[in-house]
Amino acid sequence: MTERDVIARMAPGVATIAPADWDACSGPDNPFLAHAFLSILEESGSVSPRAGWQSIPIVIDGADGKPAAIAPAYAKSHSQGEYVFDHAWADAWHRAGGQYYPKLQIAVPFTPVPGPRLLLRDDALAPALIAALEAVTVQQGLSTAHATFVNPAQLPLFEQAGWLIRAGTQFHWRNDGYASFDDFLGALASRKRKAIRKERAAAVEGLTIRHISGSDLTEADWDAFWVFYQDTGARKWGTPYLTRSFFSLLGERMADRVLLIMAERDGRSIAGALNLIGNDTLYGRYWGATEEVPFLHFELCYYQAIDAAIARGLQTVEAGAQGEHKLARGYSPVATWSAHFIPDANFRAAVDHYLQREREAVAADRHYLGTMTPFRKSA
């Protein structure tokens, strides 16, 4: 079978695909790619045409009539909630007299978590699925297509198809077989060890820290966290991306993959951090507080996440986008990747030239950051 023999379709939303069929393609590892998570975004109204995210997953069916390859795709009318910034590209396109939006985004909305962007029950269909993304972009008159936070294992597939590759940096914590947080601290330089112990003691003084998951999650917990999320969202983005019902649905349908870490003072929640649990990774997503406490952000988002990962035998903590302050807390720089399809030859050439220089600068910066980690240096 050749790519020309393959027929792809645009589905009108993740929720229109049977959960078992979707999850047979996405696999069990990454909770953000599960049918439950992506359909909750739609059902809660967090993702919708009105919000600028029109869900149009691209699907190739197998011989059994069930999806064998899926790309979680969205027609976007803006560039918010992506964490790979192309605003300068949009400005250049508009100055040249073009219309940059709508564009095609292959991603998990509002989620800078690396993972596969080609969900494959049949690996042989990967080139055909990429070709389908290109065809949709051209046939629908979209300016560009962007696959963001692509799993490194899938990057060569996009490169072979001629997509432009963009590099970024995140900070992840790696579990080097630690039996406890103190065991992890033992791998750090003495000065860094002492600084973290002082931070943790100051952060939790007078507070109770609760780890809440599964059936222990309550609507009262979500009510409290919603206040935290709104405050942080209003300060960072202007308007929070997620609706209140998103959190209730998440608790109903994915409770066993949720870890909510809450700080309480005298029985009242004052801060919280939301994590999702993968097969080998703890994913930190949102945080907020109603009371300013020194170092509490670091405690809930970074140190408590490490505690939880060690206790659960997880290999990695991914604590979200950016943040060089994570270096001093034992998180190391890692490369992230995105792939971009630009049909217009002139614009493609200009972006390609820019990305070549940007990749070199990002790689040099990541190498420098790698020398700044708090771990003991080898003799």
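Above this text you will find the structure in question.
Residues numbered from 1 in each chain as written. Predicted model: local features only at pLDDT ≥ 70, side-chain atom pairs only at ≥ 80, totals over all residues. Heavy atoms only, no water.

1. A closer look at the overall build of the protein
Cut-off, in case you're wondering: Each helix is a run of H or I in the DSSP string that is no shorter than four residues. Each strand is a run of E no shorter than two, and both are numbered from the N terminus. Each radius of gyration reported is based on C-alpha atoms, and the globular scaling rule is 2.2 Å times the count of residues to the power 0.38. For the exposure calls, accessible area comes from a 1.4 Å probe over protein chains only, and a residue counts as buried if that area is under 20% of its type's maximum, exposed if over 50%, partly exposed in between. We call two residues in contact whenever any of their non-hydrogen atoms come within 4.5 Å of each other. Note on areas: Shrake-Rupley, 1.4 Å probe, and residue coverage restricted to the protein chains presented here.
A tally of helices and strands in the protein yields eleven helices and 15 strands. The C-alpha radius of gyration of the protein comes to 21 Å, within 12% of the 21 Å expected for a compact globule of 379 residues. Across the 379 residues in the protein, those meeting the buried criterion constitute 55%. Within the protein, counting contacts between residues at least 6 apart in sequence, those at least 24 apart form 75% of the total. Per element, the accessible surface of the protein, about 16,500 Å² overall, is 51% carbon and sulfur.

2. Topic: the packing of helix α2 (residues 35–43) against helix α9 (residues 244–253)
The packing of two helices is summarised by the inter-axis angle and the distance between the axes. Definition in use: Angles here are taken between N-to-C directions and fall from 0 to 180 degrees, while the axes themselves are lines fitted to C-alpha atoms, restricted in helices to the stretch in contact. Roughly parallel means an angle under 35 degrees; roughly antiparallel means over 145; roughly perpendicular covers 65 to 115; every other angle is labelled oblique. What makes a crossing left-handed is the near helix being turned counterclockwise from the far one by less than a right angle; a clockwise turn instead makes it right-handed. Under this grouping Gly is polar, as are all residues other than the nonpolar Ala, Val, Leu, Ile, Met, Phe, Trp, Tyr, Cys and Pro and the charged Asp, Glu, Lys and Arg.
For the pair α2 and α9, the least separation of the axes is 9 Å and the interaxial angle reads 150 degrees. As far as their axial angle goes, α9 and α2 are roughly antiparallel. In this structure, α2 crosses over α9, and the sense of that crossing is right-handed. Contacts between α2 and α9 involve Phe37, Ile40, Leu41 and Glu43 from the former and Phe246, Leu249, Leu250 and Arg253 from the latter. For the contact of α2 with α9, the class distribution of residues is six nonpolar, no polar and two charged.

3. A look at helix α11 (residues 345–370)
The condition is simple: Working rule for helices: expected span equals 1.5 Å times residues minus one. Any pair of nitrogen or oxygen atoms within 3.5 Å is treated as a polar contact; in protein, a donor-acceptor pairing is required on top of that, and neighbouring residues in sequence qualify only through side-chain atoms on both sides.
In this model, α11 (26 residues) spans 37 Å end to end at C-alpha, consistent with the 38 Å of a helix rising 1.5 Å per residue. Listing the buried residues of α11 in full gives Phe347, Val351, Leu355, Glu358, Val362, Arg366 and Leu369. Tucked inside the fold, the buried residues of α11 contact α3 (87–95), β9 (164–174) and β15 (332–341). You can read the cap of α11 off the contacts: a side-chain oxygen lies 3.2 Å from the backbone nitrogen of Asn346, and it is on Asp344.

4. Things to note about unusual backbone geometry
Here Tyr101 and Pro102 are connected by a cis peptide whose omega angle stands at 5 degrees. Of note in this structure, Phe110 is not a glycine but carries a positive phi near 60 degrees. Assignment of secondary structure puts Phe110 in the loop between β6 (103–106) and β7 (119–120). Classification of Phe110 by relative accessible area gives buried; the value is 3%.

5. Regarding the pattern of salt bridges
The condition that has to hold: Note on definitions: salt bridges are taken to be side-chain nitrogens of Lys or Arg within 4 Å of carboxyl oxygens of Asp or Glu.
If you walk through the whole model with that rule in mind, you get 17 salt bridges. With a shortest N-O distance of 3.0 Å, Asp64 and Arg121 are connected by a salt bridge. Of this pair, Asp64 sits in the loop between β3 (58–61) and β4 (67–71) while Arg121 sits in the loop between β7 and α4 (126–139), and the two are 57 residues apart along the sequence. For Arg166, the salt bridge identified is with Glu358, shortest N-O distance 2.8 Å. Highlighted residues: Arg166 in strand β9 and Glu358 in helix α11, separated in sequence by 192 residues. In terms of burial, Arg166 and Glu358 fall into one category: buried. Here the residues in one salt-bridge network are Lys76, Glu82, Asp86 and Lys103, joined through shared partners.

6. Here we look at the side chain of Lys103
Its location among the elements puts Lys103 in strand β6. We classify Lys103 as buried; its relative accessible area is 0%. Engagement of the side chain of Lys103 in a polar contact is seen with the side chain of Ser79, the distance being 3.0 Å. Beyond its immediate sequence surroundings of up to four residues, Lys103 is in contact with Tyr74, Ala75, Lys76, His78, Ser79, Glu82, Asp86, Leu142, Ser143, Thr144 and His146.

7. Let's talk about the environment of Ser26
When you line up the elements, Ser26 lands in helix α1 (residues 19–26). For the pair Ser26 and Ala69, spaced 43 residues apart in sequence, the C-alpha to C-alpha distance is 8.9 Å. The residues contacting Ser26, other than those within four sequence positions of it, are Leu33, Ala34 and Leu119.

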